[in-house]
Amino acid sequence: MTAADLSDERLRQATGLRGSASALVDRVRAGELGMVPVVAGLLVICVVLQILNPIFLSSTNLVNLLMECVPVGVIALGIVCVLLVGQIDLSVGSISGLSAAIMAILFVKDGWPAWLAVLVALVAGCAIGVLYAEIFNRVGIPTFVITLAGLLSFLGLQLKALGAIGSVNLPFDSGLVEFAQLKFVPPWLSYVLVLLAAAWLFVVGFLHAAKRRTADLSARSTRFLLIRSGVLAVGLGLAAWYLNRTRGIGWMFVLFVALALILHYALTSTKWGKAVYAVGGNVEAARRAGINVRLVYTSVFAICTTLAAFGGVLGAARLAAANQASGGGDVNLNAIAAAVIGGTSLFGGRGTAFAAVLGVLVIQAISSGLTLLSLDSSYRFFVTGVVLLLAVGVDSLARRTRTSHGRA
Amino acid sequence: MTAADLSDERLRQATGLRGSASALVDRVRAGELGMVPVVAGLLVICVVLQILNPIFLSSTNLVNLLMECVPVGVIALGIVCVLLVGQIDLSVGSISGLSAAIMAILFVKDGWPAWLAVLVALVAGCAIGVLYAEIFNRVGIPTFVITLAGLLSFLGLQLKALGAIGSVNLPFDSGLVEFAQLKFVPPWLSYVLVLLAAAWLFVVGFLHAAKRRTADLSARSTRFLLIRSGVLAVGLGLAAWYLNRTRGIGWMFVLFVALALILHYALTSTKWGKAVYAVGGNVEAARRAGINVRLVYTSVFAICTTLAAFGGVLGAARLAAANQASGGGDVNLNAIAAAVIGGTSLFGGRGTAFAAVLGVLVIQAISSGLTLLSLDSSYRFFVTGVVLLLAVGVDSLARRTRTSHGRA
Amino acid sequence: MATLQLSGISKSFGAVAALTEVDLSVDAGQVVAIVGDNGAGKSTLVKVLSGVYAPDAGTIGFEGREVTIPGPAAAHRLGIATVFQDLALCENLNVIENLFLGQELGPFRLDDVAMEVRSWELLRQLSAKLPTVRLPVAALSGGQRQTVAIARSLLGDPKIIILDEPTAALGVAQTAEVLNLIDRLRENGHGVIMISHNMADVRAVADQVVVLRLGRNNGVFDARSTSSEQIVAAITGLEDNVVSQRAARVEGADQ
Amino acid sequence: MATLQLSGISKSFGAVAALTEVDLSVDAGQVVAIVGDNGAGKSTLVKVLSGVYAPDAGTIGFEGREVTIPGPAAAHRLGIATVFQDLALCENLNVIENLFLGQELGPFRLDDVAMEVRSWELLRQLSAKLPTVRLPVAALSGGQRQTVAIARSLLGDPKIIILDEPTAALGVAQTAEVLNLIDRLRENGHGVIMISHNMADVRAVADQVVVLRLGRNNGVFDARSTSSEQIVAAITGLEDNVVSQRAARVEGADQ
Amino acid sequence: GCGSGGGTGGGGSDAKIAFLMPDIASTRYELFDAPLFTAKMKELCSGCTVLYQNAAADPAKQQQQANSVLAQGVKAIVIDPVDSAAAASIVQTAQGQGVPVIAYDRPIPDKKADYYISFDNEKIGQMIAQSLVDHLKATKATGGILQVNGSPTDAAAGLIKKGIHSAVDPSGYKLLAEFDTPGWQPPKAQEWVGGQITRFPNQVAGVVAANDGTGGATIAAFKAAGDKVPPVTGNDAELAALQRVISGDQYNTISKPIKIVADAAATVAHEFAQGNKPAGKTTLFDTPSQLFTPTVVTRENIAEVLKEPGFAVKIADVCTAEYKAACTELGLS
Ligand SMILES: Nc1ncnc2c1ncn2[C@@H]1O[C@H](COP(=O)(O)OP(=O)(O)OP(=O)(O)O)[C@@H](O)[C@H]1O
Ligand SMILES: Nc1ncnc2c1ncn2[C@@H]1O[C@H](COP(=O)(O)OP(=O)(O)OP(=O)(O)O)[C@@H](O)[C@H]1O
Ligand SMILES: [Mg+2]
Ligand SMILES: [Mg+2]
């Protein structure tokens, strides 16, 4: 007997191994396994870069790579939220720079405790987001323009704040800097965490499947769930083992993954998350469904700017300094690009929290792989562009048919 | 008797002066007079800046201002096209820098005639656009990513091209530099041009109205057309007179206006233009209407990158040099911002060629006005952001009701 | 006393007057059909009622009190559920997500099993022919989408249900189910406003027929005692209209 | 020999088989109605015909030759004009621009007066109730949009016209005009494919009724000699269906 | 009325003088050059106004700023060109309108300015690198050198890079790798150095960084790798860098006598504004010039440098609580 939700005779039943395989292809094409092609792209460039330079996949370099992607990655998480509602934030760089400046000044110059300085920086970031949303909701200026104005204004504030000093050193022995540079998960704990994650995935999946079965709906078989958890445990375990050969997994990276998981949960399993996707897909429909669209915008911008501020703080901690260049350069572009590369649509309504993680990994892998090569700047820029296209091209080709079905 | 197209009894007839006035308000709200609020915003900031520094509206400064907005303005024209089809080009800065480098090297180092060097630079720009469109059409990578890769790659090529020299001076006495710096329309010719423009507007309007009347459709009264042309003649005439008090109107600015007019014509009065708006509004509908969507993308990107290359050449001519920083800095952001400030939607399907002109005037006015103030960088950034919000806020407030009618 | 009472509602878009001084009232347990030509202003009236548009003039009474409906959320709170003509679904969300949009079960930990079960229930009740409910709405056929929109309006326990051309895209079986549903709603004491161009359907379920013409009231008829021809005449404003002409011609040809 | 001849057309979307080995043929001067339940695959078939989707299997014959239709432009070139169920209009363009999209008069210097005149002609012919043709389509009512979409398909001189639920949103007068129009098209030797859920309309204008059920052919009927009940039975796959039940109940209540 | 240094010349008493600086990536322009120049100008002529502009590394913007100050009727322009070649156009325009141009900090070789006041960037690069090489030789360090340059699109960075090479290439130490830091961004420099530490484990004898920001980033990279920090250079003598030198994290930085240079520029500009033609101490690029020598700051001489009268950074600001101990050790209390 088939489950209640699979009883339609038009549904091709995926039976046996070949059925599962073809179902998998179907799902990739339909964009349902959205992340798989991006991961494939990431693997492709990893192989290319490893061939070009055998140090690339060395444990030490991977340890560095994971740490370095955190500040931009945290900012990209916020960008994903904003892109999901079909808006944009060009000012995350400036906000991260400003919050780094605020934190550094309060912490070093004014001698506040680190946690308080960080908190104030985050609150400032949050306030900026609320301000953006208020302007957007009340005046209706496109967020491109609002945040462009923010980019300029907060850069101005950052310069002003650092005013007479220009640059502030964070002490290397402060907890903040140590956290960002030297704190790694002890090997035993990393394996425990891996096992916990796998067990948790299994338990949640099992309970959910049991509930579905009681409700006479199709459910994943326990065997599948076991295999899935097993694969996860082995995969993560191997990764942890490889990283543990040198310094291991940085706590800062763990923090980033935790943030991504929280955001993922909020986006997929809460009322708020559904509202975000709805607003991005069709604002008018969301409004007519009784969703408080303004509140959604406000929350999303507040999250984005808070995360931008947090990214700025982490970046300053990693650099052990806040200066006028903090948050400048390509922080903005990299954060937005990370979200887009991971598969988030600029038009709203499509994307996931993991998009930011994968996207920033792609960007950092390219950047790290190419800086290792010691190319001329001119070649490096050129090759970066080409490799980027390559990485994203894999994803796009896999989805090709999907767009032709009018479901871009 | 009412004309065939105004016979529906639900149409409020605009009679008398009050009727016209309320019709005007209706039209602004409906976004039909799209440009008026932006112009109002521009006027507001002009007044503010003039109050802050009385030199702002001086003839010399305005002459400079008009000349300075040309390179970015030309690039923004191309950006408008790309935004109209719902895509983006992040690489216009790099392309303009690369084309400036190509032109300067061929012209100065290799001694080619100026026109040939410029032509080669433009062809290179055009080729880039075609390349982008091919990748987009065949592989389906989002243009955000393609052009981000282009930004990096062409910056690399630019650095490579300028290689060991870093910077190339264009001779001051070359026609190109003189055109960009010293060639102004003689006063008598400027008045002739103004009169020609007004006359042309009247004649075209009159012939059109006559044709509509013959077809039993509503048409603008000859009186209205006369007044409109009169207002234009007086307005432009006064502007010309004021500018002619010092150096007058630069030929380069005339070129810019001419390009904008050509693009306006192409967008509003050709089959291609309608296809561009259709693709931006609803790609799938455009495709089903038999439009060759790929060709539209190709043409639009080719235009954008060619104009970017042209902007780069003009910028180099104005600066009398091409160097590694050409096209860097905020060229990208300014060009896109100009288009958006002028009212072009990032989501496609809404915008005009004049948006670029107005947007770049707003940006340059702010930049020039604040330059005059001699503020600290920190204040200048801050104030720039605030003034930008102010300028665009006027536009947005005027359209407020429109969005609430679900017609954003 | 009517549950919902509109009087003197006007609404213009730019130079187009879409509604001019329109009156309407709906009681509990009553099915009111609004009919009218294309562009007569029916959907505009519905949108005023559901808080999508603010009227330019006129008053809305709900259960005796005068109310304003500043937005769709306010309409929901009053107990007005609407199926819009353009459906207002989010194409990127799947069927379940669309059904429960804004009224998800378990705000901080969505109960997707319960929602899926309830979705299948509702959809089966409407004879929806959906292969799966995990498809994004973009992949549904026109009729499937309309069924989803109708199912959504039944989720809460609204006092007034407004259906703007609910059966336009539906198959014969689904149409019959919706008509059955309207009968049931009336029996349960809900007020129903239905817009339709199908005179047979209108006369089958409605108690009262309100005719709009070019944005103005053009008569209120008792559904049972009025013939289709009379209503069509009120809609088109002509006794001798293209519908009657065609009917006559077809009859002539048949003979 | 049929103008258009489909055989063995299949099309799947991911795990959903929307069409399985469907056959269809249309002659010049023939009106073929395709009917079927929601999600039966009617619109998918239309999209295959008009080049929107490529079929997974099957052949298409046009005027005796086997053809492939790689895109909508190719369908236009063959002489196939389509009114899609979702209309496929550009909301940001006004009525004239939408009507002439892709076939503007004067490619390098648009003749907007001629286009406006022709637009009013077409729209009047369909009894469209449009206040002005310079409104963007986003501001039109559902029926007005549908009229625009239908008017557009008449612009060229197509050999086959495909109408996917053309009267779903139309008022009574407009529906009658469209039925008249279909009669005229047949008389002028065009082939017409019409999809509709309205059995009365189908039987009024069609020569042949093709029934699809769950993506498969489920019988071809002669429109004049078959009763509505028979067609409905073929659509739902049951003699005793909700439509007949409802009819019986209503009759019972009336007595 | 005119201040102490002024004559009685008519135009000079309420003249406007433009002071056009190139970027904000290096903090000195905003922090030191502009305020010091303005202060000196006020002292020379209280009625004069200084129009300060910063081009944020964009030559086109600098041109716009130049045009703008010309429109405001300045009597002299002091310019630190973003791009020495492109600035020729500014000189051309200004001189065409009879406004003298004083090249500040960087020369304008292609078009004869009216005056040139500077220490040149190439020299700076050479000095910091040489100081590092000397130190390495003195400590008999083994291994190679990493070179962190400035932005690949910045002309000044190119000059510094050239200078560094002129000291590193003949030094006998192998140049392991070099990197042009996009936009002078410290995080980029940190990322690159981090990669090189992996690539050349325990082979890095020293790092030449082109400014203090990238120098600080280099140190952070070594700290983050848990490695011993080798001698690292800097440039600009910004506060944070001085603190690092004191604490021993950074080997050197370079202090430009900005006050002296800014004062000289103000004096010369004031002369020009009054219609005089001040004579140069030397002639460079065919232009009357004054050149000043910067001082490399290391732990050895930092006390002297800081105690020098008129040094831009105050000892109290440098010796905050955290650096108290080290300061006392160096005789800075
Ligand atoms: N947002 C809008 N902007 C401008 N005009 C509008 C807008 N919405 C509706 N209209 C106009 O108002 C009139 C009434 O539209 P409405 O949608 O209410 O008609 P309707 O009675 O629902 O017609 P249909 O039967 O076709 O659905 C139409 O002429 C339409 O063009
Ligand atoms: N792009 C798509 N992706 C996935 N499934 C699709 C897609 N388009 C259609 N389908 C599925 O194919 C089936 C047939 O859809 P189709 O639109 O052809 O139905 P229809 O007969 O036109 O129905 P209706 O009468 O409701 O218009 C439906 O089950 C639908 O869910
Ligand atoms: Mg309607
Ligand atoms: Mg259909």
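Above this note sits the structure.
Bear in mind that the values here come from a model prediction, so they are computed numbers and not experimental data. (Residues numbered from 1 in each chain as written. Chains lettered and ligands numbered in written order. Predicted model: local features only at pLDDT ≥ 70, side-chain atom pairs only at ≥ 80, totals over all residues. Heavy atoms only, no water.)

### A look at the overall build of chain C
Operational definition: Think of it this way: any DSSP run of H or I at least four residues long counts as a helix, any run of E at least two long counts as a strand, and we number them from the N terminus. Between the two quantities, the radius of gyration covers C-alpha atoms and the globule rule is 2.2 Å times the number of residues to the power 0.38. A simple rule labels every residue: compare its accessible area, found with a 1.4 Å probe on the protein chains alone, to the largest value its type can have, and call it buried under 20%, exposed over 50%, or partly exposed in between. Throughout, a residue-residue contact means that at least one pair of heavy atoms, one from each residue, lies within 4.5 Å.
If you tally the helices and strands in chain C, you get nine helices and 10 strands. Its C-alpha atoms give chain C a radius of gyration of 19 Å, near enough to 18 Å, the size a compact globule of 255 residues would have. Among the 255 residues that make up chain C, the fraction classed as buried is 62%. Across chain C, the fraction of contacts at a sequence separation of at least 24, relative to all contacts at a separation of at least 6, is 63%.

### So, the sheet that holds strand S4 (residues 57-62) of chain D
Residue and element names in this part refer to chain D. The condition that has to hold: Following DSSP output, two strands are said to pair if at least two bridges run between them. Every angle, taken between N-to-C directions, lies between 0 and 180 degrees, and every axis is a line fitted to C-alpha atoms, over only the stretch in contact when it is a helix.
The sheet built from four strands is open, its strands ordered S2-S1-S4-S5 with antiparallel pairing. Each edge of the open sheet carries a strand with a single partner, namely strand S2 (16-26) and strand S5 (65-67). Recorded for the sheet is a direction-independent mean angle of 30° between the axes of neighbouring strands. Of the pairings in the sheet, the one linking strand S1 (residues 4-13) to S4 comprises five bridges and is antiparallel in character. Residue glutamine 5 lies in a different strand from S4, and its bridge partner there is glycine 61.

### Thoughts on the coordination of the magnesium ion (ligand 3)
Ideal donor angles around a metal are set by the shape: a four-donor tetrahedron calls for 109.5 degrees, a six-donor octahedron for 90 or 180 degrees. Residues and elements named next belong to chain C. Convention followed: Distances define the donors: N, O and S atoms within 2.8 Å of the metal qualify, as do those within 3.2 Å of Na, K or Ca. Water is excluded, so some sites may look unfinished.
Protein ligation of the magnesium ion (ligand 3) involves Ser43 (OG) and Gln85 (OE1), the donor distances falling in the range 1.9 to 2.0 Å. With serine 43 in helix H1 (residues 42-49) and glutamine 85 in the loop between strand S6 (80-83) and helix H3 (95-99), this pair connects stretches of sequence that are 42 residues apart. On the basis of relative accessible area, glutamine 85 is assigned to the partly exposed category, the value being 22%.

### Describing the packing of helix H8 (residues 187-214) of chain B against helix H4 (residues 112-125) of chain D
Rules: For this classification, under 35 degrees means roughly parallel, over 145 means roughly antiparallel, 65 to 115 means roughly perpendicular, and everything else is oblique. Left-handed describes a crossing in which the near helix is turned anticlockwise from the far one by less than a right angle; the clockwise case is right-handed. Three categories are distinguished: nonpolar for Ala, Val, Leu, Ile, Met, Phe, Trp, Tyr, Cys and Pro, charged for Asp, Glu, Lys and Arg, and polar for the others, with Gly belonging to the last.
Remark: H8 of chain B packs on H4 of chain D, axes separated minimally by 10 Å, with the N-to-C direction vectors making an angle of 25°. Relative to H4 of chain D, the element H8 of chain B is oriented roughly parallel. Here H8 of chain B runs over H4 of chain D; the crossing is right-handed. In contact with His208, Lys211 and Arg212 of chain B of H8 of chain B, H4 of chain D contributes Asp112, Val113 and Glu116 of chain D. A per-class count over the contact of H8 of chain B with H4 of chain D returns one nonpolar, one polar and four charged.

### Considerations on the interface of chain B and chain A
Test applied: Buried area is understood as the total, over both parts, of accessible area removed when two parts are fitted together, assessed with a 1.4 Å probe. Within this document, salt bridges are pairs made up of a side-chain nitrogen of Lys or Arg and a carboxyl oxygen of Asp or Glu, the two lying within 4 Å of each other. The term polar contact refers here to a pair of N or O atoms within 3.5 Å; inside protein, the definition further demands a hydrogen-donor-capable atom paired with an acceptor-capable atom, and it admits residues adjacent in sequence only when both atoms are side-chain atoms.
Of the residues lining the interface, 48 residues belong to chain B; the matching set on chain A comes to 48 residues. Here chain B meets chain A over a buried area of about 3900 Å², counting both sides, of which 79% is carbon and sulfur. On the chain B side of the contact with chain A, Phe144, Phe381 and Leu389 of chain B bury the most area, a combined 15% of that side's loss. Counting the contacts that link chain B with chain A gives zero salt bridges. At the surface where chain B touches chain A, the tally comes to four residue pairs in polar contact (both at pLDDT 80 or more).

### A few points about the state of the cysteines
Residue and element names in this part refer to chain E. Definition in use: By definition, disulfides here are pairs of cysteine sulfur atoms that lie within 2.5 Å.
On inspection of all chains with the given rule, the structure shows two disulfides over all chains. Here cysteine 45 engages in a disulfide with cysteine 48; their sulfurs sit 1.9 Å apart. Because the sign of the S-S torsion sets the handedness, a value of about 85° for the bond joining cysteine 45 and cysteine 48 places this disulfide among the right-handed ones. Assessed through its relative accessible area of 0%, cysteine 45 is described here as buried. One disulfide bridge connects cysteine 319 with cysteine 327, the sulfur atoms lying 2.0 Å from each other. Taking the sign of the S-S torsion, -90° for the link of cysteine 319 and cysteine 327, the bridge is left-handed. When its relative accessible area of 1% is taken as the criterion, cysteine 327 is described as buried. Look at chain E and number its bonded cysteines as they come in the sequence; the links are 1-2, 3-4.

### Quick notes on the site of ligand 2
Cut-off, in case you're wondering: Here a residue is considered near a molecule or strand provided that any single heavy atom belonging to it is located within 4 Å of it.
Residues in close proximity to ligand 2 total 25 residues, the closest being Ser141 and Gly143 of chain C together with Lys42, Ser43 and Thr44 of chain D. Positioned at a junction of chains, ligand 2 has nearby residues supplied by chains A, C and D. With respect to ligand 2, the side chain of serine 141 of chain C contributes an N or O atom lying 2.6 Å from an oxygen atom. Taking glycine 143 of chain C, its main chain carries an N or O atom lying 2.6 Å from an oxygen atom of ligand 2. Sorting the residues of the shell around ligand 2 by element identifies helix H5 (142-153) of chain C together with helix H1 (42-49) of chain D as the ones contributing at least two each. Taken together, the residues of the shell around ligand 2 sort by class into eight nonpolar, 12 polar and five charged.

### Some remarks on the site of ligand 1
Keep this limit in mind: Residue burial considers only the protein chains on display, and all accessible areas are found by Shrake-Rupley using a 1.4 Å probe.
Among the 25 residues in the neighbourhood of ligand 1, the closest are listed as Lys42, Ser43 and Thr44 of chain C together with Ser141 and Gly143 of chain D. One of the side-chain N or O atoms of lysine 42 of chain C is found 2.7 Å from an oxygen atom in ligand 1. In the environment of ligand 1, an oxygen atom lies 2.7 Å from a nitrogen or oxygen atom belonging to the backbone of glycine 143 of chain D. Relative to its unbound accessible surface of 630 Å², ligand 1 loses 96% to contact with the protein. Secondary structure elements with two or more residues in the shell around ligand 1: H1 of chain C together with helix H5 (142-153) of chain D. Taken together, the residues of the shell around ligand 1 break down into eight nonpolar, 12 polar and five charged.

### What about empty space enclosed by the protein?
Formally: Computed over the protein atoms alone on a 1 Å grid, cavities are sets of points where a 1.4 Å probe fits but cannot get out and pockets are open sets with protein on both sides within 12 Å along at least five of seven lines; a residue lines them when it has an atom within 4 Å of a point. Grid points are joined across faces, edges and corners, and a volume is the space filled by probe spheres set on the points.
Throughout the structure, instances matching the rule amount to seven cavities of 30 Å³ or more. The calculated volume of the largest cavity comes to roughly 420 Å³. If you trace the largest cavity, you find 28 residues lining it, with Pro71, Val72, Gly315 and Val331 of chain A together with Pro187 of chain E closest to the centre. Those elements that provide at least two residues to the lining of the largest cavity are helix H3 (59-84), helix H4 (92-109), helix H13 (293-319), strand S2 (321-323) and helix H14 (331-341) of chain A together with helix H6 (186-199) of chain E. Top contributing element to the lining of the largest cavity by residue count: H13 of chain A, with six residues. Partitioned by chemical class, the residues of the lining of the largest cavity number 11 nonpolar, 12 polar and five charged. The wall of the second largest cavity is formed by 17 residues, among which Ser26, Tyr29, Arg106, Ile160 and Trp184 of chain E lie closest to the centre.

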